[in-house]
Amino acid sequence: MVKRQRSNKILILFELIFYAVLPYVLWNFGREPLGDYTAMLISTIPGIGYAIYRFILDKQFNITGLLILSSLALGTTVDLLSGSAEQMIWNGVYLSLFYTFLYIVTLLIKRPLSLYFAVDFAYLQGYARMDSRALFFQKGIFKWFQFIQVIFIIRGLFMAGLTVYLLQKYGIDGYGGMLIYKQLAGWAFSIFIIGMFFYINVPIRNFFAKQQNQLQDNNNIALQQSNATVE
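None of the values given here were measured: they were computed from a predicted structure.

Throughout the structure, instances matching the rule amount to 11 aromatic pairs. Among the aromatic residues, ring-to-ring pairing joins Tyr 103, Phe 117 and Phe 152 into one connected group.

This next bit is on unusual backbone geometry. Even without being glycine, Lys 110 reaches a positive phi, approximately 60 degrees. When you line up the elements, Lys 110 lands in the loop between helix 5 (85-108) and helix 6 (113-124).

Packing of helix 2 (residues 36-43) against helix 5 leaves a shortest axis separation of 7 Å and a crossing angle of 45 degrees. It follows from the interaxial angle that helix 2 and helix 5 lie oblique. Contacts from Asp 36, Tyr 37, Met 40 and Leu 41 in helix 2 reach Ala 85, Met 88 and Ile 89 in helix 5. Tallied by class, the residues present in the contact of helix 2 with helix 5 amount to six nonpolar, no polar and one charged.

Residues Ile 10, Leu 13, Phe 14, Leu 16, Val 21, Tyr 24, Val 25, Phe 29, Ile 180 and Leu 184 make up a contiguous nonpolar surface patch of roughly 870 Å² in combined accessible area. Of all the elements in the fold, those that place two or more residues in the nonpolar patch are helix 1 (2-34) and helix 9 (175-199). Take the nonpolar patch: its biggest share by element is eight residues, from helix 1. Topologically, Tyr 24 is positioned in helix 1.

Quick look at helix 7 (residues 129-136) now. Of the residues making up helix 7, those classed as buried are Ser 132, Leu 135 and Phe 136. Along helix 7, the residues classed as buried sweep out an arc of 95 degrees about the axis, all on the same side.

Let's shift gears to the confidence of the model for the chain. Residues of the chain with pLDDT of at least 70 account for 83%, and the chain-wide mean is 81. Mean pLDDT across the elements of the chain bottoms out in helix 1 (70) and peaks in helix 8 (residues 142-170) (94). In this model residues 1-5 is a low-confidence stretch, pLDDT under 50, and it forms zero contacts with partners more than four residues away in sequence or in other chains.

Cut-offs applied
- Residues numbered from 1 in each chain as written.
- Predicted model: local features only at pLDDT ≥ 70, side-chain atom pairs only at ≥ 80, totals over all residues.
- Heavy atoms only, no water.
- Phe/Tyr/Trp six-rings, centres within 6.5 Å; stacked < 30°, edge-to-face > 60°.
- Helix = DSSP H or I, 4+ residues; strand = E, 2+ residues; numbered from the N terminus.
- Axes fitted to C-alpha atoms, helices over the stretch in contact; angles between N-to-C directions.
- Parallel < 35°, antiparallel > 145°, perpendicular 65-115°, else oblique.
- Contact = heavy atoms within 4.5 Å.
- Nonpolar A, V, L, I, M, F, W, Y, C, P; charged D, E, K, R; others polar.
- Patch = residues over 30% accessible without salt bridge, like charges linked within 9 Å, V, L, I, M, F, W, Y side chains within 5 Å.
- Areas by Shrake-Rupley, 256 points an atom, 1.4 Å probe, with all protein chains shown as cover.
- Salt bridge = Lys/Arg side-chain N within 4 Å of Asp/Glu carboxyl O.
- Buried < 20%, exposed > 50% of the residue type's maximum accessible area, 1.4 Å probe, protein only.
- Arc of directions from axis to C-beta.
- pLDDT = per-residue confidence, 0-100.

Here is the structure:
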């Protein structure tokens, strides 16, 4: 437990460095010699590099890995094609809204991506994907993945709105502060979402307990019928 807590603290520190500190430093020191757009492009490199490293280290393949790689490829392509620093930020907002729309669609068709993220995570723990998928779609469990999906949607809308608000209030000069605000907001949502994923263990345990009770009741009924037949 102590080792895991230490590992989580190191992970948070690395995320702070690669997603906030280094981009902030590169942005501020690169603006004057390189210009806003080039400095902003360079400031995204630490985050992209760290995301790829975590992807390889965590072995996040299938739905989760596909989404991560697609996001990196699409985000990098959009950044390179933006042409200006301000347009790059606006394109980031549009891209965020696109991902939010994707979450909405998968929620409406009752295939929440949050459930498939959990399936991939369970697979890394040694559980078969088919078994996990069948379990997570059970009544009483599935609704919690839908709720988490709603949180993903709220997060996407909030982060896009926060970016637009900060850009309109502070302009391109406030990009450094924007990185900090967005990182803090992202952490707040992440903590809540991770907490919800952990809470799903409660309805899962209740499901297995209910199954065990049902099996016990069926065994008792069968035993009573067997005794009645003998008599």
